[in-house]
Amino acid sequence: MDKTWMFVDRTTSKYDDGVDSFIRFAIVNSDDSNVIRCPCTKCRNAKLLHPNVVKDHLFVNGVLESYTTWFWHGENISSVPIEEKIESDFEVGDGLNTVEMVDAVYRDYETKPDGFVKLLSDAEKPLYSGCTTFNVLSTLVRLYNLKTKHGWTENSFSELLSLIGDILPKENSLPTSIYEAKKTLSTLGMQYTKIHACPNDCILYSKEYENSVVCPKCGLSRWKVMKNHKVKEGVPANVLWYFPPIPRFRRMFGTKEIAKDLTWHDNKRQIDSYMRHPADSPAWKVVDHKWPDFGSEPRNLRLALSADGVNPFSNYSTQYSCWPVILATYNLPPWLVMKRKFMMLTLLISGPKQPGNDIDVYLAPLIDDLKELWEVGVDVYDAYKKEVFNLKAILLWTINDFPAYGNLSGCTVKGYKACPICGDNTVSQRLECSKKISYCGHRKYLPRGHKFRKQKKAFDGNEEHGLPPNPLSGEEVFEKVSGIHNEWGKSKKRKATRNNSDSTLSWKKKSIFFNLEYWKHLYVRHCLDVMHIEKNVCESLIGTILGIPGKSKDGLSAREDLEVMGIRDELQPQKEGEKTYLPKFYTTLFELKVPEGYSSNFRNRVSMDELKLNGLKSHDCHTLIQQLLPIAIRGMLPKKVRYAITKLCLFFNALCNKVLDVNTLDGIQEELVTTLCLLEMYFLPSFFDVMVHLTVHLIHEVKLCGPVWFRWMYPFERYMKVLKSYVRKGNNVEGCIAECYIAEEALEYCAEYLKDVSAVGVPRNMNNLSSDDHGIGAGNVKLVDLKLLNQAHQYVLENTNEVEEYKDNISSNMRWISHGPQHQVIKYQGYMINGVRFHTKRHDDEHCYQNSGVSVVANTMLVSSAKDKNPIIVDMWYYGVIEEIWLLDYNALKIPVFKCDWVKNDGGVKVDDLGFTLVDLQRKGHKNDPFIFASQANQVFYIEDPENPKWSCVIENSHEKFGNSSNDDSSDKAMNLHFPAKSIPLVETIVNTLHDDESSYVRLDGEPMYID
């Protein structure tokens, strides 16, 4: 239908004919031919008028030019709209964008026209008479955006609205309370559904049970039973909060920039031998191969699901657990996949009890939508390509901690068959004295003919001839669980009925995910969570090394197990003497200073009186095992033991890289298996719980699924904290979360349209804005020594690229630099550049963090002697400490430089036999060249070497960027840590020195541990 008449002069015949055609079209599609909505610039489809009156309005007032799809008058809203041409009474401001934003959501209001009219009215209503830059809706969105970002309470926000209303002209339209503001914003948010559930998790009151008032399985009432045993009809005893994903997917594609990003994996992904994204993995490619119709449409979604319990109260002793179920979308670029904005809450399972194995009951509505998205698809409008297409989606895998892994997959995660990958072939044994299960036997994973396979004394007293178990495929798992009949509910101990075969002993139910047609064909259906595995391994290592009560895997019972097993006579218990500790490890951590934001302050975690580490968080364990632990144990344990632990730490560091070289994964796996065997020689069987064993399967999952940082719980745990912050009232936890979530959804949507409003769920970029490079605190203007000033100016001249090209083109900056800086410089105690915070040494001495360490790479000429006529130019690392921060003033431009004390490379820097870089901070050099550009500095920090306090170990702080560097935030960078050892020898160098008759597990250089 020709709509070009809407944009021509009203006095032309074309406009006249167009109005007539519009009136005829509207009457034909109207239920009542006597009234139609008037689309003139004043009525704006809000009034129902006679067609003749509408015709008059269109000539007098003109037609609303943004109304290019006549959905109020019967035009199909799924048809492709022509390019919108919006004009507005608003000048430079938010008015234009707000109207465009409202027009873009009209598809959500097909059944709620009154809500759309109210929303459109707020988008076009000026904040006050004569205001041309803000309207009611844009003002509310901006204010509520600040409330969400900074965690303002609702009372403070109401008072702020009231105050602003008093400041504005009297006849303003700003709501004066949080209730009125939410009422306006709620029209932009998506909706949720409350589904009643049985308190015993037997059923959902939907489908065939929708009208039931009593649970047919356990007989409990649908309604809440009060303390006096009276039933409060109409108040459900248990509620599932369901946030349908399909409308939310539609809205994602309805935003132009997001719709464009959702095809990043197809048109912008770098393709080579490296894995940077799940799209590089075989798990992604098998979907393209097995279902080519699905794979041929790059807009079809690949999803991951995560579920975990969260205690919404600050008091952790409160026994309350509600379970959010979250979807992540892998179509997005790597820097957006795990951001808060794109974490889609789909289910909220009410507390106070966790659903356990009955979680399948609550997953049913989501599974139904996922089935629809796979089998049929839904029609979605793509705002980027301006077309309607059939959207489909596939769930690639789930991401959970280990107990939830068992709940979702249906497999056993404790006992003899606790490994979900090995299944019935799990190698385990019960330790009678320790009353626990040990999962040793990693020699099975060694190559045939490896020398460890034939050694007896160093291991369990037997040779190893077995082979590693093959992981079960999805089809094999489906065949095993097909005979299991599930019974849900907690009214009594219900056991899934199964056939008489022993092949189902490691399975407790048939997972609801097998209702998805494709589920059994996926390579990996449930991912092992590296975050929790790393945390548990770290705590086991530290607890055992230090003998922390309750954390150590060593003790009287563990030694008695050796006696029962008949191995390692030298380590069996002997009763004499007294117990000793190894306090040097604690001293290292207690004196440790790290860069701000690197980790917790370990001084607060270390108890020197009790010799304990208290309250370690997951990220603390991440930094410990990836960087700090190998240094803390230097000089504390025998070299071979330190080496094995360091190799295990190196494994986790390599595993967590954002970019993985596929060709190196087999080598990493071989090194890990040998390291685990070394640990079996040095540690007791009680050390090897299931978490230590699961490390042997992590590389296999990386090969199939890609980098682990797309599949671990860190971003989901961070999001759980966000959901927890929504809770304002303890008597309605889930209601608070649901309402705040849809309000934030509305804000995130609005942020796509309003200028200068940043999204709450995507951290503000600090890496690509030169305006964010600034001094910290108040700078002091100082006259400096002329010699030092000349050194700084000389460095600027020698290291400015424009100087080398001045012959061809003398730039404006070069002209100013040639005049030299002013004699007065501004000195700062700190400087923020490229998103990294630096401070002077003097400042660090007064605080609990260390931001003064720097390193720089420079071209250096190397000569073998004074007579060497063939010098070579190489890149060399220099290490130092910031003494002063200067801002050189060249009038038209200002250049920040760091004045540093540099360590002399000759005799002040060395690399030991394990690859650690050590520096002597007292051996200073390069005093005639102390300056570097602030932009050149790489941040490092120094830890005193426990083996020799004269030296300090160098650790690089992680601040490199990835992919689209402007979008990495601090939480991502903090996870990608550099291993402190640069060139650690291969594990085989240690293996070749070990012999079976050698008691390598016995420590001879210290006192024994005694039990009272």
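Residues numbered from 1 in each chain as written. Predicted model: local features only at pLDDT ≥ 70, side-chain atom pairs only at ≥ 80, totals over all residues. Heavy atoms only, no water.

S.K.: What exactly am I supposed to notice about the overall build of the chain here?
M.R.: For the chain, the helix and strand inventory stands at 34 helices and 33 strands. A total of 1012 residues make up the chain; the buried ones form 54% of that total. A total of about 45,800 Å² of accessible surface is found on the chain, and carbon and sulfur atoms cover 49% of it. (Helix = DSSP H or I, 4+ residues; strand = E, 2+ residues; numbered from the N terminus. Buried < 20%, exposed > 50% of the residue type's maximum accessible area, 1.4 Å probe, protein only. Areas by Shrake-Rupley, 256 points an atom, 1.4 Å probe, with all protein chains shown as cover.)

S.K.: Can you help me understand the sheet that holds strand β24 (residues 836–839) in this one?
M.R.: Consider a sheet: its strands pair through backbone hydrogen bonds, and that pairing is either parallel or antiparallel. Ordered by their spatial adjacency, three strands build an open sheet running β20-β23-β24, and the pairing between neighbours is antiparallel. Each edge of the open sheet is held by one strand with a lone partner, namely β20 (774–776) and β24. Strand-to-strand, the axes of this sheet are offset by a mean angle of 30°, without reference to chain direction. Across four bridges, the pairing between strand β23 (residues 830–833) and β24 is antiparallel. (Pairing = 2+ DSSP bridges. Axes fitted to C-alpha atoms, helices over the stretch in contact; angles between N-to-C directions.)

S.K.: Just checking my understanding: could you explain the pattern of salt bridges for this structure?
M.R.: Where charged atoms of side chains with opposite charge meet at close range, the side chains can pair. Taken as a whole and assessed by the stated rule, the structure comprises 33 salt bridges. For R340, the salt bridge goes to E744, with nearest N and O atoms at 2.6 Å. Taken together, the positions of R340 in the loop between α13 (334–337) and β10 (344–349) and E744 in helix α27 (residues 733–751) put the pair 404 residues apart, joining distant regions of the chain. Using a relative accessible area of 22% as the deciding quantity, one classes R340 as partly exposed. Among the residues examined, E744 registers a relative accessible area of 6% and is labelled buried. (Salt bridge = Lys/Arg side-chain N within 4 Å of Asp/Glu carboxyl O.)

S.K.: Would you take a moment to explain a positive patch on the surface for this structure?
M.R.: Taken together, the side chains of K904, K910, R923 and K950 make up a positively charged region of the molecular surface. In this structure, K910 sits in strand β28 (residues 909–911). (Patch = residues over 30% accessible without salt bridge, like charges linked within 9 Å, V, L, I, M, F, W, Y side chains within 5 Å. Lys, Arg positive; Asp, Glu negative; His and termini not counted. Charge placed at Lys NZ, Arg CZ, Asp CG, Glu CD.)

S.K.: Is there a simple way to explain the nonpolar core in this structure?
M.R.: As a rule of thumb, nonpolar side chains are buried together in soluble globular proteins. Counting residues in hydrophobic clusters, the biggest one holds 197 residues, and the most contacted among them are Y330, L395, F513 and I645. By size, the runner-up hydrophobic cluster in this structure holds 32 residues, among which are L789, V825, F931 and A934. (Core = buried A, V, L, I, M, F, W, Y, C linked by side-chain atoms within 4.5 Å.)

S.K.: Explain the packing of aromatic side chains here, please?
M.R.: Working definition: an aromatic ring pair is given by the centre-to-centre distance plus the angle between the planes. Under the counting rule described, the total for this entry stands at 33 aromatic pairs. Summarising the aromatic geometry, the rings of Y192 and W241 are spaced 5.6 Å apart at their centres and angled 50° between planes, so their arrangement reads as tilted. In this pair, Y192 sits in the loop between α7 (178–185) and β3 (193–196) while W241 sits in strand β6 (residues 239–242), placing the two residues 49 residues apart along the sequence. On the basis of relative accessibility, which here comes to 7%, the residue W241 falls in the buried class. What links up through ring pairs into an aromatic cluster is the set W5, Y15, F22, F25, F59 and W70. Across from the ring centre of W70, 4.8 Å away, lies the NZ or CZ of K3, which sits over that ring. R299 extends its terminal NZ or CZ atom over the ring of F389, reaching a point 3.9 Å from the ring centre. (Phe/Tyr/Trp six-rings, centres within 6.5 Å; stacked < 30°, edge-to-face > 60°. Lys NZ or Arg CZ within 6 Å of the ring centre and 35° of its normal.)

S.K.: Would you mind showing me how to read helix α26 (residues 714–725) here?
M.R.: Counting along an α-helix, one turn takes 3.6 residues, and residues three or four places apart therefore face a common direction. For α26, built from 12 residues, the straight-helix expectation of 16 Å at 1.5 Å per residue is met to within 8% by its first-to-last C-alpha distance of 17 Å. All of the buried residues along α26 are Y714, P715, F716, Y719, M720, V722, L723 and K724. (Expected span 1.5 Å × (residues − 1).)

S.K.: What exactly am I supposed to notice about helix α21 (residues 618–632) here?
M.R.: In this model α21 runs just 18 Å from its N-terminal to its C-terminal C-alpha over 15 residues, more than 12% under the 21 Å that 1.5 Å per residue would give. At I625, α21 shows its maximal bend, which comes to roughly 55°. Burial runs high along α21: 15 of the 15 residues are buried. (Bend = angle between axes of the 7 residues up to and from the residue.)

S.K.: Whenever I open this one, the sheet that holds strand β8 (residues 301–307) confuses me. Can you help?
M.R.: Spatially, seven strands are ordered β3-β6-β10-β9-β8-β13-β16 in an open sheet, and the strand pairing comes out mixed. Taken across any chain shown, the strands that pair with only one partner, and hence form the sheet edges, are β3 and β16 (526–527). Taken together, the three bridges between β6 and β10 define a ladder with antiparallel strand orientation. Paired with W241 across the strands is L348, a residue of β10. Of the strands in this sheet, β3, β6, β8, β9 (323–329), β10 and β13 (393–399) are in contact with helix α14 (residues 359–375), which crosses β10 at around 150°. (Contact = heavy atoms within 4.5 Å.)

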